[in-house]
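Listed here are the chains, written in short residue letters.
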Amino acid sequence: MSDSSKAVCYYHKNENSIITTMEMLKTSFAGLVLKNPLIVSSCGLTNNADNNARLAQAGAAAIVLKSVFEEQIVRESQHLAQTGAHTEEADYMQAYLQAGVLNEYITLIKQSKQRCDIPIIASINCNTPGNWEYFARAIEEAGADALELNVMSISTDIEAPYGAFEQRHIDILKAARKETRLPLIIKLGNNLSCPVRLINELYANGAAAVVLFNRFYHPDIDIDKMEYTAGHIFSEPADLSNALRWTGIASATVKNANIAVSGGIQNGKDIVKAILAGATAVEVCSAIYRHGDEWITTALGEIENWMHQNNFGSIASFAGKLNAKAPAHADNLERTQFLKYFGSHL
Ligand SMILES: Cc1cc2nc3c(=O)[nH]c(=O)nc-3n(C[C@H](O)[C@H](O)[C@H](O)COP(=O)(O)O)c2cc1C
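Each value, and the rule that gives it
- Residues numbered from 1 in each chain as written.
- Predicted model: local features only at pLDDT ≥ 70, side-chain atom pairs only at ≥ 80, totals over all residues.
- Heavy atoms only, no water.
- Buried < 20%, exposed > 50% of the residue type's maximum accessible area, 1.4 Å probe, protein only.
- Helix = DSSP H or I, 4+ residues; strand = E, 2+ residues; numbered from the N terminus.
- Right-handed = clockwise from strand over helix to strand, strands pointing away.
- Axes fitted to C-alpha atoms, helices over the stretch in contact; angles between N-to-C directions.
- Parallel < 35°, antiparallel > 145°, perpendicular 65-115°, else oblique.
- Left-handed = near helix turned anticlockwise from the far one by under 90°.
- Contact = heavy atoms within 4.5 Å.
- Nonpolar A, V, L, I, M, F, W, Y, C, P; charged D, E, K, R; others polar.
- Patch = residues over 30% accessible without salt bridge, like charges linked within 9 Å, V, L, I, M, F, W, Y side chains within 5 Å.
- Areas by Shrake-Rupley, 256 points an atom, 1.4 Å probe, with all protein chains shown as cover.
- Salt bridge = Lys/Arg side-chain N within 4 Å of Asp/Glu carboxyl O.
- Near = heavy atom within 4 Å.
- Polar contact = N/O pair within 3.5 Å; in protein donor to acceptor, adjacent residues only side chain to side chain.
- 1 Å grid on protein atoms, 1.4 Å probe; cavity = no way out; pocket = protein on both sides within 12 Å on 5 of 7 lines; lining within 4 Å.
- Sits in = over half its atoms within 2 Å of the grid points.

**A few points about the pairing of strand 6 (residues 120–126)**
And step 1. Most of strand 6 sits out of view: seven of its seven residues are buried.
And step 2. Residue alternation in strand 6 divides its side chains into two sets, Ile 120, Ala 122, Ile 124 and Cys 126 and Ile 121, Ser 123 and Asn 125, and both sets are buried.
And step 3. Traced from strand 6 through helix 7 (residues 135–142) to strand 7 (residues 146–151), the parallel crossover comes out right-handed.

**Brief notes about the packing of helix 6 (residues 100–115) against helix 7**
And step 1. Two elements in contact, helix 6 and helix 7, have axes whose closest approach is 9 Å; the angle formed by their N-to-C orientations is 30°. Taken together, the axis directions place helix 6 and helix 7 in an arrangement best described as roughly parallel. Read as a crossing pair, helix 6 and helix 7 show a hand that is right-handed. Residues Leu 102, Tyr 105, Ile 106, Ile 109 and Lys 110 of helix 6 form the contact with helix 7, whose own contacting residues are Phe 135, Ala 138, Ile 139 and Ala 142.
And step 2. Tallied by class, residues from the contact of helix 6 with helix 7 come to eight nonpolar, no polar and one charged.

**Examining a nonpolar patch on the surface**
And step 1. Together, Ile 221, Ile 223 and Tyr 228 line one region of the surface with nonpolar side chains, adding up to about 400 Å² of accessible area.
And step 2. Positionally, Ile 221 belongs in strand 10 (residues 219–222).

**Details of the site of the ligand**
And step 1. Not every one of the 20 residues close to the ligand is listed here, only the nearest: Ser 42, Ser 67, Ser 235, Cys 285 and Ser 286.
And step 2. Within the side chain of Lys 187, a nitrogen or oxygen atom sits 2.9 Å from an oxygen atom of the ligand.
And step 3. Ser 286 places a side-chain nitrogen or oxygen 2.6 Å from an oxygen atom of the ligand.
And step 4. Computed on the free molecule, the ligand has an accessible area of 610 Å², of which 89% lies beneath the protein chains in the complex.
And step 5. Here the ligand is seated within the largest pocket.
And step 6. Looking at the shell around the ligand, the elements with two or more residues in it are strand 13 (281–284) and helix 12 (286–291).

None of the figures reported here should be taken as evidence of function without further support.
Here it is as structure tokens:
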């Protein structure tokens, strides 16, 4: 029997152990009480209420729906503006929601809420503050429990002033904040020069939590055809390291930081690592694409086993235990280790 299948058996051992598990894995993220730290991240798997019901059944604590793109929202609102389909703001919203993709998104939220007994988090993939934020209101009215803003942007302007890229994140958050009272989660890319300062400012401007980090599209090159191709779609174990570093640093330096790690999580032990670094939850999809919904149950069993073996009765009792508050841990996350490991290999 493999280690992971043992974990599943333990998880389902008897009714009492399930109750204990439910209690000991409890956590919170973005003001939401979660039954465990495992959130299914935004991806194609969460684009359908039937799938979401299965993910919830397998034990997921929350689901982030597939992102709707800023461009989709803007395109539909421009179409309505051109056709003169609105007179007042309320009519505008109504007409807007009757149109295409966004109406489908609202249906997805409503159906997922009906079918799942866990928080449903909507997601908007955005790049600029503009005229898409009012869709946040429709998302709130549809019953979503929170809204994740997936700020997917690459700064390529050679004349962009330093800090403008980060400021754009804050402007987006502020604009969305005006439209909705939902907890707002900001999913950041790993292309920031000083994530901790931005995270700090995001909290000051009303963010409820951050996700470290989004996975960008990875371009590759086919040298035979001499053209660009899609690189790895799913994450690899090595992707976890960067999120662990910044979670360890941000959870120690940003007051009341609430962080979910995303990227590179392959099993329950990786989830334990994320929590030790200072996260209170993780957002995962590659492992579920690769191994199916059962992976969720297995990973939860692995966390529980580790907690039993190490005498931790709650997630809070070890969250941040290895973050950068202790100078010895900071050394492992910052510059010193570069000298130690790479200095001797030069
Ligand atoms: C096929 C696929 C589709 C994705 N679509 C989205 C999306 O629509 N919105 C989003 O915020 N992230 C999206 N992501 C990123 C994931 O939500 C996640 O943050 C990232 O893949 C890292 O987690 P992982 O290592 O478990 O894959 C997608 C990832 C994959 C692999």
